[in-house]
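Coordinate analysis (summary)
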Amino acid sequence: MDKIKASVFILTKNSGTTISRALDSVASFDDVVICDGGSKDETLDIASKFGARIFSQSSECLENGKVQDFSCLRNKCMAYCENDWVLYIDSDETTSFGLVEEISKVVSGRLRYDAYRVPAGIIVDGRRIIY
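Conventions we followed
- Residues numbered from 1 in each chain as written.
- Predicted model: local features only at pLDDT ≥ 70, side-chain atom pairs only at ≥ 80, totals over all residues.
- Heavy atoms only, no water.
- Salt bridge = Lys/Arg side-chain N within 4 Å of Asp/Glu carboxyl O.
- Helix = DSSP H or I, 4+ residues; strand = E, 2+ residues; numbered from the N terminus.
- Buried < 20%, exposed > 50% of the residue type's maximum accessible area, 1.4 Å probe, protein only.
- Polar contact = N/O pair within 3.5 Å; in protein donor to acceptor, adjacent residues only side chain to side chain.
- Contact = heavy atoms within 4.5 Å.
- Core = buried A, V, L, I, M, F, W, Y, C linked by side-chain atoms within 4.5 Å.
- Phe/Tyr/Trp six-rings, centres within 6.5 Å; stacked < 30°, edge-to-face > 60°.

1. Let's talk about the pattern of salt bridges
Scanning the entire structure with this criterion turns up 4 salt bridges. The partner of Lys5 in a salt bridge is Asp30, with the nearest N and O atoms 3.5 Å apart. You can see Lys5 sitting in strand E1 (residues 4-12) and its partner Asp30 sitting in strand E2 (residues 29-36), a full 25 residues away along the chain. The class for Lys5 is exposed, based on a relative accessible area of 54%. Overall, the relative accessible area of 31% leaves Asp30 in the partly exposed class.

2. Regarding the side chain of Thr95
Residue placement: Thr95 occurs in the loop between strand E6 (86-88) and helix H4 (97-108). One polar contact links the side chain of Thr95 to the main-chain carbonyl oxygen of Ser25, over a distance of 2.7 Å. Excluding its chain neighbours within four sequence positions, the residues that come into contact with Thr95 are Ser25, Val26, Leu87, Ile89 and Val100.

3. Topic: the nonpolar core
The biggest cluster of nonpolar side chains holds 19 residues, and the ones touching the most others in it are Val8, Ile10, Ile19, Leu23, Phe29, Ile34 and Ile89. Looking at this core, the elements that each hand over two or more residues are E1, helix H1 (19-25), E2, helix H2 (43-49) and H4. Top contributing element to this core by residue count: E1, with 4 residues. Those residues in contact with Phe29, other than ones at most four positions away along the chain, are Lys3, Ile4, Ala6, Val8, Leu87, Val100 and Ile103. Residues Phe9, Leu11, Cys61 and Cys81 belong to the second largest nonpolar core, which totals 9 residues.

4. Details of the packing of aromatic side chains
Across all of its chains, the model carries 2 aromatic pairs by this definition. Taken together, a centroid distance of 4.9 Å and an interplanar angle of 40° make the contact between Phe9 and Tyr88 tilted. Here Phe9 is found in strand E1, whereas its partner Tyr88 is found in strand E6, with 79 residues between them in sequence. On the basis of an interplanar angle of 5° and a centroid distance of 3.7 Å, the ring pair of Phe55 and Tyr80 is categorised as stacked. Of this pair, Phe55 sits in strand E3 (residues 53-56) while Tyr80 sits in the loop between helix H3 (70-78) and E6, and the two are 25 residues apart along the sequence. For Phe55, a relative accessible area of 23% puts it in the partly exposed group.

5. A word on the side chain of Ser39
Its location among the elements puts Ser39 in the loop between E2 and H2. Of the residues examined, Ser39 reaches a relative accessible area of 14% and is grouped as buried. Side-chain polar atoms of Ser39 contact the backbone nitrogen of Asn14, separated by 2.7 Å. Within the structure, the side chain of Ser39 is placed 2.5 Å from the side chain of Asp36, a separation counted as a polar contact. Excluding anything up to four places from it in sequence, Ser39 contacts Thr12, Lys13, Asn14 and Ser15.

So this is what it looks like as structure tokens:
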């Protein structure tokens, strides 16, 4: 299967317990970028095994090692992306098969809308949280 010509970027810091699921869910994308905030766990080893390109978070957006401006950090990380289409997910999030399939159709030009909305849901221990 051809990879989706879109980039995904993920901000990380000590995300070793969740990053595998996140990266597995975006394995169909041809460009995965990790911007890491100094992980001391296995986050970067896992990301490397998935073939993600890894960069350090910009110190311009940090103060004393803590994120002070998430929009700054996301914009700096997005600048490393190689494609016109870009998806951002958190390191503890995953994309659904349906979302990946729809993004593939949009990127390839088989589907077009004037606006795009990605519905979010929270699932804890396999149970969807509604309220």
